[in-house]
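# Overview (structure and organization)
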Amino acid sequence: MTTFVYQGPRRGFDRAVLLAHGAGADLEAPALRAVADALADARVPSLRFNYPYRDAGRRAPDRPAALDAA
């Protein structure tokens, strides 16, 4: 199961931003959190998520097809 964190307004928005972490990080990476916080302050909803390999406790990313599917 992939972990998601939604931030920002719940209604009345016309855009949203999907934030994906880089290799070696997860959805709690400081840079990702800072961007999500800034977007929420601007009332732009965002969604941070972990790729399945991070939720499974692995450090190496999956193959591109698996990452795209996530």
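Above this note sits the structure.
Described in the following lines is the structure provided in the data block. (Residues numbered from 1 in each chain as written. Predicted model: local features only at pLDDT ≥ 70, side-chain atom pairs only at ≥ 80, totals over all residues. Heavy atoms only, no water.)

### Describing helix α1 (residues 30-41)
- Helix length check: α1, at 12 residues, gives a terminal C-alpha distance of 16 Å against a target of 16 Å (1.5 Å per residue), a fit within 8%.
- Just past α1, the residue R43 takes up positive phi, approximately 60 degrees. (Helix = DSSP H or I, 4+ residues; strand = E, 2+ residues; numbered from the N terminus. Expected span 1.5 Å × (residues − 1).)

### Describing the side chain of N50
- Position of N50 relative to the elements: it lies in the loop between β3 (46-49) and α2 (52-55).
- Taking the relative accessible area as the measure of exposure, N50 reaches 8% and is therefore buried.
- In terms of polar contacts, N50 uses its side chain to reach the backbone amide nitrogen of L27, at 2.7 Å.
- Within the local environment of N50, its side chain forms a polar contact with the side chain of D55, the two groups lying 3.1 Å apart. (Buried < 20%, exposed > 50% of the residue type's maximum accessible area, 1.4 Å probe, protein only. Polar contact = N/O pair within 3.5 Å; in protein donor to acceptor, adjacent residues only side chain to side chain.)

### Looking at the nonpolar core
- Ranked by size, the top nonpolar core spans seven residues in total: L19, A25, A29, L32, A36, L39 and V44.
- Here the element with the most residues in this core is α1; it accounts for three residues. (Core = buried A, V, L, I, M, F, W, Y, C linked by side-chain atoms within 4.5 Å.)

### Concerning the pattern of salt bridges
- Under the definition given, this model contains three salt bridges.
- R48 is paired through a salt bridge with E28; the nearest N and O atoms lie 3.7 Å apart. Placement of R48 in strand β3 and of E28 in the loop between β2 (17-20) and α1 is noted, with a sequence separation of 20 residues between them.
- The exposure class of R48 is buried, given its relative accessible area of 4%.
- Two residues, R58 and D62, come together in a salt bridge whose shortest N-O distance is 2.6 Å.
- By relative accessible area, which is 21% here, D62 ends up partly exposed.
- Here the salt bridges share partners, and the residues they tie into one network are E28, R33 and R48. (Salt bridge = Lys/Arg side-chain N within 4 Å of Asp/Glu carboxyl O.)

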